[in-house]
Number of protein chains: 2
Amino acid sequence: MSAEMGHLAIVGLGPGAAEWITPEATHTLAAVSDLVGYAPYLARLPERSGQHRHASDNREELVRARLALELPAKGRHVAVLSGGDPGVCAMAAAVFEAIEAGEARWRELEVTVVPGLTAMQAAAARIGAPLGHDFCAISLSANLKPWALIEKRLRAASEADFVIALYNPASKARPDRIGNAFSCLRTGKAGTTPVIFARAIGRADERITITRLDRADPALADMATLVIIGSSETRVIDRPGSAPPFVYTPRSYGARP
Amino acid sequence: MSAEMGHLAIVGLGPGAAEWITPEATHTLAAVSDLVGYAPYLARLPERSGQHRHASDNREELVRARLALELPAKGRHVAVLSGGDPGVCAMAAAVFEAIEAGEARWRELEVTVVPGLTAMQAAAARIGAPLGHDFCAISLSANLKPWALIEKRLRAASEADFVIALYNPASKARPDRIGNAFSCLRTGKAGTTPVIFARAIGRADERITITRLDRADPALADMATLVIIGSSETRVIDRPGSAPPFVYTPRSYGARP
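Quick look at the structure, then. Here the structure is a predicted model, which is why all the values come from computation and not from measurement.

### Describing the overall build of chain A
Next up, step 1: Scanning chain A from N- to C-terminus turns up 7 helices and 13 strands.
Next up, step 2: Taking 2.2 N^0.38 as the reference for a compact globule, 257 residues should give roughly 18 Å; the C-alpha atoms of chain A span a radius of gyration of 20 Å, in line with that estimate.
Next up, step 3: If one aligns the C-alpha atoms of chain A with their principal axes, the spans along those axes are about 60 × 40 × 35 Å.
Next up, step 4: In chain A, which comprises 257 residues, the proportion classed as buried is 58%.
Next up, step 5: The contacts in chain A between residues at least 6 apart in sequence include a share of 66% that link residues at least 24 apart.
Next up, step 6: Total accessible area computed for chain A in this model is approximately 9900 Å², and 51% of it derives from carbon and sulfur atoms.
Next up, step 7: Between the mean site of the 29 positive side-chain charges and the mean site of the 27 negative ones, chain A shows a separation of 5 Å.

Structure below.
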């Protein structure tokens, strides 16, 4: 690799709040020459003189990835922005897909993934510890995989009594996905299973709803929502007065504390 | 609740590196009157005059949780330390177990969970994006749940073709757990499935091994190791020279890029 070669960092901004951006992410973003990202993510960052910004549409993940891979050959030091953790239902997989399918010289690039908090962690922290024991994360987006596979994974997760975190529960084109997922899960999980809708956690319009599987309203999930469905062990601890309950999954199984 | 009541924060220190501790965690740790934690976690933090430290053994999670719950009634502001993310195979579940089983007044406490990066995110970031699509996290610790349940979850995760992250793959008392898990997974996953052993990520003695399921050596896993096993889609991108490969799981399923 030539001495003039730049490098590429894929940087996780976390779920929305500045207090959740790691020092590694902050330092990386301050040091690069170019920022590549979805416009609302770019808008979260301070303008820096001499730093170039390349904004794109959220649906253009592979376009963004390829742009980010072209720039280091010109000696640029590039950060691709990702919401949450780039490694969890986010930008990193798109960049590596582009590398695998793309030009041989892209494999020579220095690529760093800067991890960040992902939506399910922030959502869980707000209400207790629902992911406190074995869990699955499943994306309901059926753009790139068959819905039959999603149903198979939901059934397997239900039968083995995992806690389940659902990413991409709804989109404008397919608002019914989360309803279909609830129908699928109701055949395996009890109606009393706790369900959490966590919307825009860490942002000004944050909203959390705690309900149960037989009462879960699909309309509560939009594109900014993360949904958590408990295991048979997940518990709700009621609290006095107007305090919201704690929801958590114990480490033990089959033995009430 | 009386005006003199303190509060309790359960704080995630991340997987080991200071650059991964969130600003929220740093601010919380600086503001409390009492730190409660496993001694090596306490040793990572700067001494502060007037701040009390309560060190305990790592096996005494419930003892530590109860101590942390007693202190706020005396007006103390307490942080319980957790490695990684308190909400993922860590301290938060132990604290909520103690609250549920404990004194009624503990339910009145203000409890904050401060999320942190967890080991699987740090491990994944080091090598690419193996958790880039649907995955499970399973603890192999059988102290509090039957091994039969762990096997059931491993088989379900394998049959539904999840990527799998294994926490607590070995202990001094049970060094064979990870070997048993590999045996279980080999009945459902191909021998060529990528396996990653990630030890002490973010610490001075960090070590990563990338291998495949039919060659995975259980002896590579100790108490400080996180093991990731790919799905049928997880790919290894070889790179020129001595550069380590990238390992990632694409967003698409059943269609090579």
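From this point, the discussion proceeds with the structure in view.
### With respect to helix α3 (residues 61-70) of chain A
All names here are of chain A.
Next up, step 1: Every buried residue of α3 is listed here: Glu61, Arg64, Ala65, Ala68 and Leu69. Seen along its axis, α3 keeps its buried residues to an arc of 135°; they face one direction.
Next up, step 2: The elements touched by buried residues of α3 are β1 (7-12), β2 (34-38), β3 (52-56), β4 (77-82) and α4 (91-101).

### Quick notes on the pattern of salt bridges
Next up, step 1: Taken as a whole and assessed by the stated rule, the structure comprises 30 salt bridges over all chains.
Next up, step 2: Overlapping salt bridges, with partners in common, bring together A:Glu61, A:Glu97 and B:Arg251 in one network.

### Examining the relation of the copies chain B and chain A
Next up, step 1: In the superposition of chain B on chain A (RMSD 0.0 Å, axial shift 0.0 Å), the rotation amounts to 180°. What the superposition gives is, in effect, a two-fold axis relating one chain to the other. Among all C-alpha atoms of chain B, that of B:Cys136 lies closest to the rotation axis, at 2.0 Å.

### Quick look at the interface of chain B and chain A
Next up, step 1: Of the residues lining the interface, 69 residues belong to chain B; the matching set on chain A comes to 69 residues.
Next up, step 2: Among the residues of chain B in contact with chain A, B:Phe96, B:Arg153 and B:Arg251 are the three that bury the most area, contributing 12% of the side total.
Next up, step 3: On inspection of chain B and its partner chain A, the count reaches 10 salt bridges.
Next up, step 4: A salt bridge links B:Asp134 to A:Lys145, with the shortest nitrogen-to-oxygen separation between them at 2.5 Å.

### A word on the sheet that holds strand β12 (residues 235-237) of chain B
Paired through their backbone hydrogen bonds, the strands of a sheet run either parallel or antiparallel.
Next up, step 1: The 3 strands are arranged β6-β13-β12 (chain B) in an open sheet whose pairing can be described as mixed. Among the strands making up the open sheet, the edge pair consists of β6 (128-129) and β12 of chain B.
Next up, step 2: Along the sheet, α4(A) makes contact with β6, β12 and β13 (246-248) of chain B, crossing β13(B) at roughly 125°.

### Section: the pairing of strand β8 (residues 163-167) of chain B
Moving residue by residue along a regular strand, the side chains alternate between the two faces of the sheet.
Residue and element names in this part refer to chain B.
Next up, step 1: Across the 5 residues of β8, 5 count as buried, placing the element largely inside the fold.
Next up, step 2: Here β8 shows two buried faces, one formed by Val163, Ala165 and Tyr167 and the other by Ile164 and Leu166.
Next up, step 3: Sheet topology places strand β7 (residues 135-139) next to β8; 5 bridges connect them, and they run parallel. When the bridges of β8 are listed, Ala137 appears paired with Ala165.
Next up, step 4: In this fold, β7 hands off to helix α6 (residues 147-159), which returns the chain to β8; that crossover is right-handed.
Next up, step 5: Where β8 meets strand β11 (residues 225-229), 3 bridges bridge the pair, whose relative direction is antiparallel.

### Details of the nonpolar core
Side chains of nonpolar character tend, in soluble globular proteins, to be buried together.
Next up, step 1: In terms of nonpolar packing, the biggest core is built from 48 residues, with A:Leu166 and B:Leu166 touching the most fellow members.
Next up, step 2: If you look at the next biggest cluster of nonpolar residues, it comprises 42 residues, including A:Ile228, B:Ala17, B:Val88 and B:Ile127.

### Brief notes about helix α7 (residues 177-186) of chain A
Residue and element names in this part refer to chain A.
Next up, step 1: With 7 of its 10 residues buried, α7 lies for the most part within the structure.
Next up, step 2: Turning to α7, its buried residues are Arg177, Ile178, Gly179, Ala181, Phe182, Cys184 and Leu185.
Next up, step 3: The elements touched by buried residues of α7 are α6 (147-159), β8 (163-167), β9 (194-199) and β11 (225-229).

Reading the values: rules and limits
- Residues numbered from 1 in each chain as written.
- Chains lettered and ligands numbered in written order.
- Predicted model: local features only at pLDDT ≥ 70, side-chain atom pairs only at ≥ 80, totals over all residues.
- Heavy atoms only, no water.
- Helix = DSSP H or I, 4+ residues; strand = E, 2+ residues; numbered from the N terminus.
- Rg over C-alpha atoms; globule rule 2.2 N^0.38 Å.
- Buried < 20%, exposed > 50% of the residue type's maximum accessible area, 1.4 Å probe, protein only.
- Contact = heavy atoms within 4.5 Å.
- Areas by Shrake-Rupley, 256 points an atom, 1.4 Å probe, with all protein chains shown as cover.
- Lys, Arg positive; Asp, Glu negative; His and termini not counted.
- Charge placed at Lys NZ, Arg CZ, Asp CG, Glu CD.
- Arc of directions from axis to C-beta.
- Salt bridge = Lys/Arg side-chain N within 4 Å of Asp/Glu carboxyl O.
- Least-squares fit on C-alpha atoms with pLDDT ≥ 70 in both.
- Buried area = accessible area lost by both parts, 1.4 Å probe.
- Pairing = 2+ DSSP bridges.
- Axes fitted to C-alpha atoms, helices over the stretch in contact; angles between N-to-C directions.
- Right-handed = clockwise from strand over helix to strand, strands pointing away.
- Core = buried A, V, L, I, M, F, W, Y, C linked by side-chain atoms within 4.5 Å.

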